[in-house]
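Residue-level listing of the chains:
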Amino acid sequence: MNNMVIALQITALGMGLVFAAIILLWWMMDLLTLLTADKQPISDSAETGSVTNEDLKAQAAAVAVAIALAEQQASLAHPLVDPPTAIVSAWQLGTRSRQLYEKGTSIVRKPRKIG
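Cut-off values and rules
Residues numbered from 1 in each chain as written. Predicted model: local features only at pLDDT ≥ 70, side-chain atom pairs only at ≥ 80, totals over all residues. Heavy atoms only, no water. Helix = DSSP H or I, 4+ residues; strand = E, 2+ residues; numbered from the N terminus. Areas by Shrake-Rupley, 256 points an atom, 1.4 Å probe, with all protein chains shown as cover. Expected span 1.5 Å × (residues − 1). Patch = residues over 30% accessible without salt bridge, like charges linked within 9 Å, V, L, I, M, F, W, Y side chains within 5 Å. Salt bridge = Lys/Arg side-chain N within 4 Å of Asp/Glu carboxyl O. Buried < 20%, exposed > 50% of the residue type's maximum accessible area, 1.4 Å probe, protein only. pLDDT = per-residue confidence, 0-100.

Chemist: Tell me about the overall build of the chain, and please be specific about residues and values.
Modeler: Looking only at helices and strands, the chain features four helices and zero strands. Ordered by position from N to C terminus, the α and β elements of the chain give α-α-α-α. With the model as given, the accessible surface of the chain reaches about 11,700 Å², and the carbon-plus-sulfur share is 67%.

Structure below.
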């Protein structure tokens, strides 16, 4: 029982270290993002031209149509062809080979001597 407790403690310690390292890397990435991000303030929408909800919907619809057309073209570009079926499956070949071996008939013929 003592070995099981030690094993569980080692497991918990290892998993804790892994998650702590992941969280540390996450914080470091956030810090680097904050330090290296552009410091330009966001301008008002009146200066750059206001974007309405209808404009966003139209842009989203255009992107959706473009993606759908690209997927349709890609799917038609390479039609998949079913491979031809084997005359004898691997299972049947193995079974028949075993049966012939048990009967004493060799599938592999011995090479003939020439000369």
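Chemist: Explain helix α4 (residues 90-103) residue by residue, including any values.
Modeler: Counted at 1.5 Å a residue, the expected span for α4 with its 14 residues is 20 Å, and the 20 Å between its end C-alpha atoms agrees. Backbone geometry just downstream of α4 places G104 in the positive-phi region, at approximately 95°.

Chemist: Run through a nonpolar patch on the surface, naming residues and quoting values.
Modeler: Taken together, the side chains of I23, L24, L25, W26, W27, M28 and M29 present a nonpolar region at the surface, about 790 Å² in accessible area. Note on placement: M28 falls in helix α1 (residues 2-36). Taking relative accessible area as the criterion, M28 reaches 43% and is therefore assigned partly exposed.

Chemist: Describe the confidence of the model for the chain, naming the residues involved and giving the relevant values.
Modeler: Caution is warranted with low-pLDDT regions, since their predicted coordinates should not be read in detail. Considering every residue of the chain, the mean pLDDT works out to 82; 77% of them sit at 70 or more. Per-element mean pLDDT across the chain ranges from 52 in helix α2 (residues 45-48) up to 95 in α1.

Chemist: Give me the pattern of salt bridges: which residues, what numbers.
Modeler: For the structure on display, the rule yields one salt bridge. For E102, the salt bridge identified is with R98, shortest N-O distance 3.3 Å. Pair noted here: E102 and R98 are both in helix α4, with a separation of four residues, about one helical turn. Given a relative accessible area of 58%, E102 falls into the exposed group. We classify R98 as partly exposed; its relative accessible area is 45%.

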